[in-house]
Amino acid sequence: MGSQSSSGMSGGRGSSSSNPNDQPEDTPSNQSSSSSRGRRTADRQSASEEDVDLAEVLAYLLRRGQVRLVHGSGATGLQLVQSYSDSDEDSDGAWEGRLGDRYNPPVDIRPDTQELDQSEIRTQIMLATASTGMKSRHSFTHMLTEARERRFENKAGVEAPVFPMESVVASAHSNFLPNYVSHKDTYHQKAFCGLYSHDGSMFLSACQVDLRRQRVFRDRSDPLALPEDILYERYRFSSEGIRYLIVLVGHVGNATKRSCPLTVAQCVCVSLRCFAKGTYLHTVGDAENISKNTVCLAICKVVVALNTLLNMFVVFPSFLPTQTVKEGFYQLNIRLYDTTRRRFNLLRTVKARDVGWSVLDVCFTPDTQHILYSSWSDYIHVCSVDGDSECHTALDLSPDERRFCVFSLAASTDGKEILGGANDGCLYVFDREQNKRTLKIDAHEDDVNAVAFADSSSQLLFSGSDDALCKVWDRRTLREDRPQPVGQLAGHRDGVTFIDSKGDARYLISNSKDQSIKLWDVRKFSPKEGLAASRLAVTQQNWDYRWQQVPQRALKRHKLTGDTSVMTYRGHGVLHTLIRCRFSPEFTTGHRYIYSGCSTGKIIVYDVLTGAVVARLCGHDACVRDVSWHPYQDSIVSSSWDGGVHMWEHRQTHPLEEHRDQE
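Since the model is a prediction, treat every value here as computed from it, not as a measurement. (Residues numbered from 1 in each chain as written. Predicted model: local features only at pLDDT ≥ 70, side-chain atom pairs only at ≥ 80, totals over all residues. Heavy atoms only, no water.)

## Re the overall build of the protein chain
Here's step 1: The helix and strand inventory of the protein chain stands at 16 helices and 30 strands.
Here's step 2: Taking the contacts inside the protein chain whose residues are at least 6 apart along the sequence as the reference set, 60% of them involve residues at least 24 apart.
Here's step 3: Roughly 32,400 Å² of accessible area belongs to the protein chain as shown, and the carbon and sulfur atoms make up 49% of that amount. (Helix = DSSP H or I, 4+ residues; strand = E, 2+ residues; numbered from the N terminus. Contact = heavy atoms within 4.5 Å. Areas by Shrake-Rupley, 256 points an atom, 1.4 Å probe, with all protein chains shown as cover.)

Structural data, given as structure tokens:
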């Protein structure tokens, strides 16, 4: 998932049932003195008094990669080992997605194409792009002339391959890849996801809730000196409202003889900031330039003071629904763009509802009349975009987890069913006609980061997870009480961040935190030894891809035992977030390319048949999380953590300019 370590599989949901009393002690035997035993006994008693669930703590440490389980001696046959990352890059820049500019993703100089050369997808792509295996000119006129000459040769009895005109068009488009930014738009927050509609007439984009500003040291004795917009953003109150609260709780000031005691205004503002953002005490203290202990004391005093005034002044609007109240706190927008005739004009803005932290995924229904979006919420939201009015509908998934989110969404071909992958390791299917959840599959041992329908039948489902596995599910044989996948695809060494289907129920690609994309043939599933090798590789990952650099030992290139992937592509970085990759469209390129976002702020385009990087589009200052290629035009839209949403198109450069660029 996007908010946990890549080693979460080792401490999956099943690990929370382990008995903490069976854990071996981590202190050396020569230090097990009576005083040490006494301290450990006191610690255990203190933990028991605080009612701490040690099983949950253990599961958390396993997911974070701070400890891992290995085979050992003892009653359980397992041993806890503390993990240390060999990556020491832990700066604040990682949270902004800007660590990747100091990371040069490894590239395969000579990709292994042995499996791909013998696969069916090679033949499909060559036919779809009118390729004869010979190097031809990139002139569109030459391609049309060549196609006409082949027809004449065929009429004269000369054997020559004849390609349909669609293949010639795809071949021509495939040689004119996007290479410059034609349109730009900007969010004030991180752009998280973006997608073209099925007909390419609209583009849908969404961003993250991010109320943080750059840290600036000011005179903390007067927090009300800030502008009104910053006061409301930081404390959710205007200056007049804060002054009113100061009058109400005027007795909470620290009457000490120290040089810098907190004033009443400081206590109120510190408390309001904690209430508004829900962040940790040390985070609030860092922002206000005071210590964590002082923050805790200030909040305690203000809470006690407000509690005495609760019945008189704190009245919640009972006549408003809960979601309406939440909207006042989260002013998050989803944007729709008109992309007809190569335009990129803002069409309308939709206020997302029930959003926690960020909108994580968006998609269109096939008729382009509704949009879907998900977040840290129990609901998937549907919003109509046909006409001037907005009609929001919340689809309740009724999960068992208290903290729940859907990382990935997909709509069936008829638009009646919605498929989602969640942080509880389950797949959810919601029937819009019945208005209820019709299927919940306990699919993976860790977070499900990606889901997709295999083809237009919507009967085959693909899923990818932090357990590094991709699974194939058949709706026709699936039972919710005993879910069994049709097959599993193993070969990644770390969690899967995204999957994309070719649309023929045969091939899919998966992006992974092991810094690679793999191409799979679902007719070649992985054996048991492949599943075991992949699980072992995941448990050995002890770095956090969200803010750390990739350790060298994580960049292994040899295949795991039982890896049944057709091809592996390397040259892009997967850091900070769940970066996405996709097949290029069939109409314009014949699925000739795979394109991906990158933690270095680039868009990387691979040739499916050779594995070579054929284009690197540079234009963002932070990681590119999502990319989407127009289904019928040579344009790509990228969504980046620098807040930029860029449309890339092809521009024919003069030979002198190309020579100048090379110099």
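## Let's talk about the UniProt feature "repeat: WD" (unreviewed entry) in the protein chain
Here's step 1: The sites that UniProt annotates as "repeat: WD" (unreviewed entry) are residues 441-474, 489-523 and 617-658.
Here's step 2: Helix and strand shares over residues 441-474 are 0% and 56% respectively, and the end C-alpha atoms of the span are 12 Å apart.
Here's step 3: The span residues 489-523 carries 0% helix and 54% strand; its end-to-end C-alpha distance comes to 10 Å. (UniProt positions renumbered as here; feature names shortened; annotations may be inferred.)

## What about the packing of aromatic side chains?
Here's step 1: Considering all chains together, one arrives at eleven aromatic pairs under this definition.
Here's step 2: Between the aromatic rings of F203 and Y337, the centroid separation amounts to 6.2 Å while the plane-to-plane angle is 50°, which identifies the pairing as tilted. Residue F203 is located in strand β5 (residues 202-207), and its partner Y337 is located in strand β6 (residues 333-338); the two are separated by 134 residues in the primary sequence.
Here's step 3: Judged by relative accessible area, which is 0%, F203 ranks as buried.
Here's step 4: For the ring pair F404 and Y428, a centre distance of 5.5 Å and an interplane angle of 80° mean the geometry is edge-to-face. Taken together, the positions of F404 in the loop between β11 (392-396) and β12 (406-411) and Y428 in strand β14 (residues 426-431) put the pair 24 residues apart, joining distant regions of the chain. You'll find F404 and Y428 in the same group, each marked buried.
Here's step 5: Chaining the aromatic ring pairs together yields one cluster made of Y196, F203, Y337 and F344.
Here's step 6: Cation over ring: R335 sits above Y187, and NZ or CZ is 3.8 Å from the ring centre.
Here's step 7: Sitting over the face of the ring of Y180, R651 holds its NZ or CZ atom 5.1 Å from the ring centroid. (Phe/Tyr/Trp six-rings, centres within 6.5 Å; stacked < 30°, edge-to-face > 60°. Buried < 20%, exposed > 50% of the residue type's maximum accessible area, 1.4 Å probe, protein only. Lys NZ or Arg CZ within 6 Å of the ring centre and 35° of its normal.)

## A word on helix α7 (residues 228-235)
Here's step 1: All of the buried residues in α7 are I230, L231, R234 and Y235. Across the axial projection of α7, the buried residues extend over an arc of 100°, all falling on one side. (Arc of directions from axis to C-beta.)

## As for the pairing of strand β7 (residues 345-351)
Here's step 1: Taken together, the six bridges between β6 and β7 define a ladder with antiparallel strand orientation. Each residue of the ladder has a partner; that of D338, found in β7, is N345. (Pairing = 2+ DSSP bridges.)

## Observations concerning the sheet that holds strand β22 (residues 516-521)
Backbone-to-backbone hydrogen bonds pair the strands of a sheet. The strands run either parallel or antiparallel.
Here's step 1: If you walk across this open sheet you meet the four strands as β20-β21-β22-β23, and the pairing is antiparallel. Edge positions in the open sheet fall to β20 (496-501) and β23 (567-569), since each of these has one partner strand only. Each strand axis lies, on average, 20° off the axis of its neighbour in the sheet, ignoring direction.
Here's step 2: Pairing of strand β21 (residues 507-512) with β22, which is carried by six bridges, proceeds in the antiparallel orientation. Counterpart to S512 in the pairing with β22 is S516. (Axes fitted to C-alpha atoms, helices over the stretch in contact; angles between N-to-C directions.)

## Focus on the pairing of β22
Here's step 1: Buried residues dominate β22, accounting for six of its six residues.
Here's step 2: Counted along the chain from β21 to the antiparallel partner β22, the turn is three residues long, and its residue Q515 has a positive phi close to 70°.
Here's step 3: In this sheet, β23 lies alongside β22 in antiparallel orientation, the contact comprising three bridges. Bridging across to β23, I517 finds its partner in Y569.

## Concerning the pattern of salt bridges
Here's step 1: One pass over the full model with this rule turns up 25 salt bridges.
Here's step 2: Salt-bridge contacts for D563 lead to K518; the nearest nitrogen and oxygen are separated by 2.9 Å. Remark: K518 occurs in strand β22 and D563 occurs in the loop between α14 (528-539) and β23; sequence separation between them is 45 residues. Residues D563 and K518 agree in their burial class; the two are buried. (Salt bridge = Lys/Arg side-chain N within 4 Å of Asp/Glu carboxyl O.)

## Concerning the sheet that holds β11
Here's step 1: Here four strands make up an open sheet; going across it, the order is β8-β9-β10-β11 and the pairing antiparallel. The open sheet has two edge strands, β8 (361-364) and β11, and neither has a second partner. Between one strand axis and the next, the sheet turns through 20° on average, direction left out of account.
Here's step 2: Two strands pair when backbone bridges link them, and strand β9 (residues 370-374) and strand β10 (residues 379-384) are joined in this way by five bridges, in the antiparallel orientation.

## Concerning the nonpolar core
Here's step 1: The biggest cluster of nonpolar side chains holds 32 residues, and the ones touching the most others in it are L204, I334, L336, V359, V362, I371 and V550.
Here's step 2: Sorting the residues of this core by element identifies β4 (191-196), β5, β6, β8 and β9 as the ones contributing at least two each.
Here's step 3: Per-element tally for this core: the top contributor is β5, with three residues.
Here's step 4: The next biggest cluster of nonpolar side chains, apart from the first, holds 19 residues, and it includes I121, I125, I509 and Y606. (Core = buried A, V, L, I, M, F, W, Y, C linked by side-chain atoms within 4.5 Å.)

## A look at the environment of Q369
Here's step 1: With respect to the helices, strands and loops of the structure, Q369 is situated in the loop between β8 and β9.
Here's step 2: Q369 gets classed as partly exposed once you look at its relative accessible area, which sits at 27%.
Here's step 3: Placed 17 residues apart in sequence, Q369 and D386 show a C-alpha to C-alpha distance of 5.3 Å.
Here's step 4: In this structure Q369 touches C383, S384, V385 and D386, once residues within four positions along its chain are discounted.

## Quick word on the confidence of the model for the protein chain
Here's step 1: Put simply, the protein chain has an average pLDDT of 77, and 67% of its residues get 70 or more.
Here's step 2: Across residues 158-163, confidence stays below pLDDT 50; counting only partners more than four residues off in sequence or on other chains, it has 15 contacts.
Here's step 3: Predicted confidence is poor over residues 211-219, with pLDDT under 50, and the contacts of this stretch with residues over four places away or in other chains come to 15 contacts. (pLDDT = per-residue confidence, 0-100.)

## As for the side chain of H646
Here's step 1: If you trace the backbone, H646 turns up in strand β30 (residues 644-649).
Here's step 2: Judged by relative accessible area, H646 falls into the buried class, the value being 6%.
Here's step 3: A polar contact of 3.5 Å, which involves the side chain of H646, links it to the side chain of H620.
Here's step 4: Aside from chain neighbours lying at most four places away, what touches H646 is V181, H183, K184, G619, H620, I636, V637 and S638. (Polar contact = N/O pair within 3.5 Å; in protein donor to acceptor, adjacent residues only side chain to side chain.)

## Brief notes about helix α8 (residues 239-248)
Here's step 1: Three or more residues of α8 are buried, namely S239, G241, I242, L245 and I246. One face of α8 carries all of its buried residues, which in axial projection span an arc of 160°. Facing away from the buried side of α8 by over 90 degrees, the exposed positions are E240 and V247.

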